[in-house]
Amino acid sequence: MRTKFLFIAAILCIVINASAQKDEAEYKQRSQDIQSELWSNPAKEFAVKAIPSTMDSESAVIIATSFDVVNSAKMKMKFGALGFGSVQRVFYQTTFHERVKINDKAALEDYSTIEYQKKLDKSVSVALIKVYNKTTTYIGAKIIKPDGKEIVVNTDEEVLTKDETKNKAGKLAISDLQVGDILDYYIRIEQMQELNSDMQGPYTFFLGGEYPILYQSIKLQLDEKSGVEYITGNGAPAMKEMRDDDDNIILFSEQRNLPKIQSSLFTSSYRQYPYISIQYMFITKGADASTHFSKGEVKHGFLSDALLDQFQKILQSNAVPVNYSAYIKTANYFGGEKHLKDQSQDTLVKTLYNAWRLTTFCDFSTTNIDITNDNNYAQANSLICAISMSRMLRTLGIDHEIVLLCPRNSNKLKDVMNLGDFEAMIHLKNGKDYWLAFNDIVTQFNEIPARFQGEDALTFRPDMDAKNLEYNPMGKQKIPVASADKNTETENINVAFNSSNMQQLQIDRSTTLSGATRHYTQKELLMMEDMQADLATSVNEKKLTDRLADDKKQQKLVTEFSAAFAKEKTNQKSYFEDEIKEQYDQSAKDVSSYEVKDAGMFSSNFMYHTNFTMDNYVKKAGNNYIIEAGKLLGSVTKIEEKDRTRTLDVYMPYARTYTYNISLALPAGYKVKGLENFNKNVSNETGSLTSTATADAAAVHITIKQQFLKNFEVAASWPKLLELMDGLYDVSNQKLLFEKSN
Amino acid sequence: MKLPVTLLLLLAFGIKASAGNFASKDSNIIISNAKDVYEFVYDKSSNSVQVKESSTTIYNCNDFRSTLPVVEFYNEKVTIDDVDFSVDGKKPKDVKPVYSYYEIDDYFYSDAHICYFPLLLDKKGSVAQVSFQKTIQDPRYFTNVFFDEIFPVALKQIVFKVPKWMNIELKEMNFNGYTISKTKDYDSKNDEDVYTYTASNIESRDGEASCPGPTYIYPHILVISKEANPAGTTITYFKSTADQYAWYRSLLKDISNNETIIKAKADEITAGKTNDIDKIKAIFYWVQNNVRYIAFEDGIAGFLPDKADEVMRKKYGDCKGMANLTKELLKAEGFDARLCWLGTNHIAYDYSTPSLAVDNHMICALMYKGKTYFLDATENYLALNNYAERIQGRQILIEDGDKYILTHVPEETYTQNLDSEKRVLTINGTDLNGTVNQSWKGEEKEYILYELNTVKKDKSQDALKRYLANGSADYKITDLKTSSLDSIDGDLTASYSMVHSNAVTSFGKDYYVDLDFKKELSSSDFDTSKRKLDYLFPYKTHIERITELTVPAGYKISSVPPDLSISNSNYDFSITYKQQPNKVVYHKSIILKNTHVAKANFKQWNDDIAKLTEAYNQQLVLTQQ
């Protein structure tokens, strides 16, 4: 028996080895075929060996880059559960090919290695049925030396960082690559799927990149049963569309001489740089009926009605899971569901929204306690949350709208390709306008996130009287924009010389942040323990530990959560230290006290107080002291020379106002000089800057106010914005002389 | 750098380690008890000795339920044979160890792998027990065992079962300040000595930037496997440095460099050079310039240099490959070049303890006219006869046929790394205008060239200006001229004109002038409440700054800041202001003679930095006459 077993094991071993060898041989053969296909007769753009000498100063030049897709489908006879039948196999062949001239060591480093998923087999076998889903990647690279000699890189020099039968990942260091060489490489991904067809993409191509591009092409050859959607954003040209003899869909785009994209301040890439984004899908018989792809059609350039139809179907579907926790908490707050009808709409909605904040951001796992500050940065999925909120409002009989929009740091509304590109809010306009945004834990009732403001939005309104869920499109509307006086930072800074060291300043700082300026710092400084307690109180609930204590089954969690909260609390001082360092671009010598005065969870202001010592702001000069008083307003960036002219419009984060009230104690026996250096007054259509300094017997008083009126300015207004920014930088460099009185 | 030692450290230290950075003194999870047993066994079939490792660790959840991420390292020479785990006595059903390639920072590839899995400690007081059975296939790879872990350790036993046929030495390292006891028993049944080390209350290892390597700091046992005689024949490991050298040399025999190809390349590189030193430089600099350093290690290849002609063809290699290519190119031109092994300053050991843990680097030695030059081509921009801090003074093993030479890499002083700047300035309103000449040597030069060459060439000029301006937007540089930014030989020099806006403050009849805009080491004191470990600067420093300021006509110097002079065996800080006719000369010298600032010296350092910072915050006053 044992002998037989060993014999079978040996046979299996031989079979497995033979199979592996066969796979390897097939892989090598396919590699050679692809190499021959791509390199034997290349397009003339991929045969270029010289670049214009004017580009010698570039780090690298992309001579040619192409993205090619071939997709096809075949029927395959297979033995299945019901005997022989046909199954559809979809093939995807994606090739990225690039030829690049390496001009320096930075580019050499960039191009020195290729990493790839060599093989991924996600095929599924059940009994005698096997459903294939296999992806294989082939790579190739050759180097063209300055003398024209071509050297093909030996891809057998790859190393496998994953080497399993069904999952192989590789890494190749490009041998013999030097500055001055041309590297010509490709990555071919071949995928075969049965009984399934995933959407491919979206693939996004900016027309330009890190290096200048002499030639760029995108080509798709897709089976006639495919549906294609693509957009050409920000002035990118449309793709050429045609059919071949087999009625395959052909899409083609090519560009020449694309300059490199230079980074710039206050830009929104998907709003300002030309790009093409493509997605496609092979439409099988069993494809989702609600898909926005249409078999055999190419849709270009706008938000499709089909996508909105798809969203409408989701809105109207009872199958969409809805979280009613906030509704239940609201009902509890008012003493039961029957009392809800007695409440004003304002009160109801406000409570419901705060209950949503509590349930969304403070629903801590009780199996694995993690309440560190990282949780403060959680972001809600606005689309899902808006749908849930809409259902709850409908249950409460409150008329409202769901608005769909794209944030101003992402693509335009007209360039939406998938539902995931949208964000959503709820808009109520019974009497007063209210907005419910599903953003972060510190976003308040009727607060619109800055990135949504000023955007066009699509509106869907539920039919409150309909028996079934019905939502109707109601056209477009514009999201309001907050004015500069709603997004404020006010710093009240009282400064005195350190009594034991005149070259150190003792700074007592009270900070008030409102609107969009709050969010980052609130999340940096607030403790989750305190936020959840505040949110719980707002809906008349006990804070977590008290709530747990009331539940016999969960009482044991009280000490654990208390310990976790206490542990996180020990980090709070370091969060304040970090905040001071960010503000002043210098660490405080010593932070003697720190305190949150108003958490700003419901009020318009987030207020905190810090007291600390700072070095390096006082220079001794003989018997006198020079105070770098301008530095007390914090670190101010000077706009660099390369950014002082621009053709791109200006996407400011939001309209805003900064106010600094600095009081600097005058030591006995000293008089102050240089107050006039702080006098500045700039005002133009983009905003204003005022700065004044006065002194009395006890102290110097400096007041600075800078205001940016809008969240968007056309490029032509950039010099006006520079006046404001340069003005503040100038103030930040001003000094005072404390002169010893004779 | 060679991988295996790094890996061996990972293997030694990674046991039951967690990937999380949450372990500290008040850690929610602690190790209440850990026991690592290492047993030397003889494998008849392969006639080899293996080390069987059996570790059991008990984790306690102190305060609140959380997830313990268990991680164990292995590689080609160390296998994981079995893993077992439980929480509160039960094996979690859904937990399955994952075995995966482990990517080490800065390594292109290594054979390091990890086995990892999460264990949920689902209530305060939960106790997890994790056991690993591992086999180290060759005692040479069994080098050191650490007591500390990522979590605080209440009690840990490390047991070595050493059969009488096995000759090892156990060296106790960094035991001072720790409670560690040792017993030795004889197990007559197995005819073996049993060494048991018991440590209690070991703090978790919390990483700090710029600290000495772990072998300097943490308590551990260095294991030296000398020889074995399990079956009548003696297997020699590392009884002496000679044995270690012999083993290295046995590996080198497998390399067959293609001398014809190498010779052709060497001739091409040195064409037109008639002077020996010029030829040596040409070869050394060619390797530095043309071969990319890629750490690529795999099993025994961690100790085996790639063929010189292969490194030359690929234009990439690790330290061993680059050393071998340098050696072979030099040999092809008739020079006496050798391979060398050494441990960088990251490692506390030297060859007095023969072990694979002693070294982590290979370079080339050149014997020329009675002098030994050490050529480390992995240092991309360090010239011949300059040495990187990490290898300076390190003991080095040089090949010498069947013998070896044991010596030291020269210990350079701070003067090797001179960073010198001379500014000649005038006052123009509230600006300082002038010309600047600057030069850099040694590792200062290497640092700048390395950084500049990582920047795209169309941006490198701006990057250099930003560096020269110390990041100040008010320091405008024009007419910048530099020596070659690719050249390894000689000093790096720069000259330029500058305008420093707002460097002068004018109040009434007075000008207040800040003559130092770089203020190196200002406020660089250590926070002694947070910093636990000694601090290491990357290299010795020698900064010289001279600023000559012309006193404007009609002005006189009314106040000059006091000079500063601090000098001790580790550093010198000096600032002087000299008044000369119509000008004042500011001279600053910052010298770090020793890169190591011991925690015991933090107070002195902080006091001196406070004085330096105070001196920086003084200004010259010129008054209208």
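All of the points below concern the structure found in this document. (Residues numbered from 1 in each chain as written. Chains lettered and ligands numbered in written order. Predicted model: local features only at pLDDT ≥ 70, side-chain atom pairs only at ≥ 80, totals over all residues.)

Regarding the interface of chain A and chain B
Put simply, the rule is: A pair of residues counts as a contact when their C-beta atoms, built from backbone coordinates, are within 7 Å of each other. In this description a helix means any DSSP run of H or I spanning at least four residues, a strand means any run of E spanning at least two, and both kinds are numbered starting from the N terminus. Residues are grouped as follows: Ala, Val, Leu, Ile, Met, Phe, Trp, Tyr, Cys and Pro are nonpolar; Asp, Glu, Lys and Arg are charged; all remaining types, including Gly, are polar.
Each side of the interface is counted separately: chain A has 45 residues, and chain B has 44 residues. Contributions of two or more residues to the side of chain A that touches chain B are made by helix H2 (105-110), strand E8 (159-164), strand E9 (167-173), helix H11 (556-569) and strand E27 (618-621) of chain A. Broken down by class, the residue content of the side of chain A that touches chain B amounts to twelve nonpolar, 16 polar and 17 charged.

A few points about H11 of chain A
Residues and elements named next belong to chain A. Defined as follows: Expected span of a helix, by definition, is 1.5 Å for each gap between consecutive residues, and there is one gap fewer than residues. Residue burial is a threshold on neighbouring C-beta atoms within 10 Å of the residue's own C-beta, all placed from the backbone, with 20 or more meaning buried, 12 or fewer meaning exposed, and counts in between meaning partly exposed. Arc definition: it is the arc formed by the directions from the helix axis to the C-beta atoms.
Taking 1.5 Å as the rise per residue, H11 with 14 residues should run 20 Å; its terminal C-alpha atoms sit 21 Å apart, in good agreement. Of the positions making up H11, those classed as buried are Leu557, Glu560, Phe561, Ala564 and Phe565. For H11, the arc enclosing every buried residue in end-on projection is 130 degrees, short of the 170-degree limit, so these residues lie on one face. In this structure, the buried residues of H11 make contact with helix H9 (528-538) and helix H10 (544-550).

A word on the sheet that holds strand E17 (residues 298-300) of chain A
All names here are of chain A. To keep things clear, this is the line we draw: Pairing between strands requires that DSSP locate at least two bridges from one strand to the other. Each axis is a line fitted through C-alpha atoms, and for a helix only the stretch in contact is used; angles between axes span 0 to 180 degrees, taken between their N-to-C directions.
What the four strands build is an open sheet, ordered E11-E16-E13-E17; its pairing is mixed. The open sheet has two free edges, formed respectively by strand E11 (200-206) and E17, since each of these has just one partner strand. Across the sheet, the mean angle from the axis of one strand to that of its neighbour is 15 degrees, orientation sign disregarded.

Quick look at the packing of helix H5 (residues 276-290) of chain B against helix H7 (residues 319-332) of chain B
All names here are of chain B. Condition: Convention used here: angles under 35 degrees read as roughly parallel, angles over 145 as roughly antiparallel, angles from 65 to 115 as roughly perpendicular, and any remaining angle as oblique. In a left-handed crossing the near helix is turned counterclockwise from the far helix by less than a right angle, and in a right-handed crossing that turn is clockwise.
Closest axis-to-axis distance for the H5/H7 pair is 10 Å, and the angle between their directions is 155 degrees. Between H5 and H7, the crossing angle belongs to the class labelled roughly antiparallel. Along this stretch, H5 crosses H7, giving a crossing that reads as right-handed. Within the contact between the two elements, H5 uses Ile280, Ile283, Phe284 and Val287 and H7 uses Met322, Leu325, Thr326, Leu329 and Leu330.

Thoughts on unusual backbone geometry
The omega angle of the peptide bond from Gly201 of chain A to Pro202 of chain A is 5 degrees, so this bond is cis rather than trans. Tracing the backbone through its elements, the reader meets Pro202 of chain A in strand E11. Even without being glycine, Lys369 of chain B reaches a positive phi, approximately 50 degrees. Relative to the helices and strands, Lys369 of chain B resides in the loop between strand E20 (361-368) and strand E21 (371-375).

A closer look at helix H4 (residues 259-270) of chain B
Residues and elements named next belong to chain B. The terminal C-alpha atoms of H4, which comprises twelve residues, lie 16 Å apart, in line with the 16 Å expected from a rise of 1.5 Å per residue. Considered for burial, the residues of H4 that qualify are Ile262, Lys265, Ala266 and Thr270. For H4, the angular spread of the buried residues around the axis is 120 degrees, confining them to a single face. When the buried face of H4 is taken as reference, the exposed residues oriented beyond 90 degrees from it are Thr260, Asp267 and Glu268. Next to the buried residues of H4 lie H5, helix H6 (308-314) and H7.

A look at the sheet that holds strand E21 (residues 456-462) of chain A
Working definition: the strands of a sheet are paired by backbone hydrogen bonds and lie parallel or antiparallel to each other. Residue and element names in this part refer to chain A. Read across the open sheet, the five strands follow the order E20-E19-E18-E21-E22; overall the sheet is antiparallel. The open sheet has two edge strands, strand E20 (434-437) and strand E22 (471-478), and neither has a second partner. The sheet shows a mean angle of 30 degrees between the axes of neighbouring strands, taken without regard to direction. Here strand E18 (residues 401-405) pairs with E21 via four bridges, running antiparallel. Bridge assignment links Leu405 to a residue of E21, and that residue is Ala457. In this fold helix H4 (residues 305-315) packs onto E21 and E22, with an angle of close to 125 degrees to the strand it touches most, E22.

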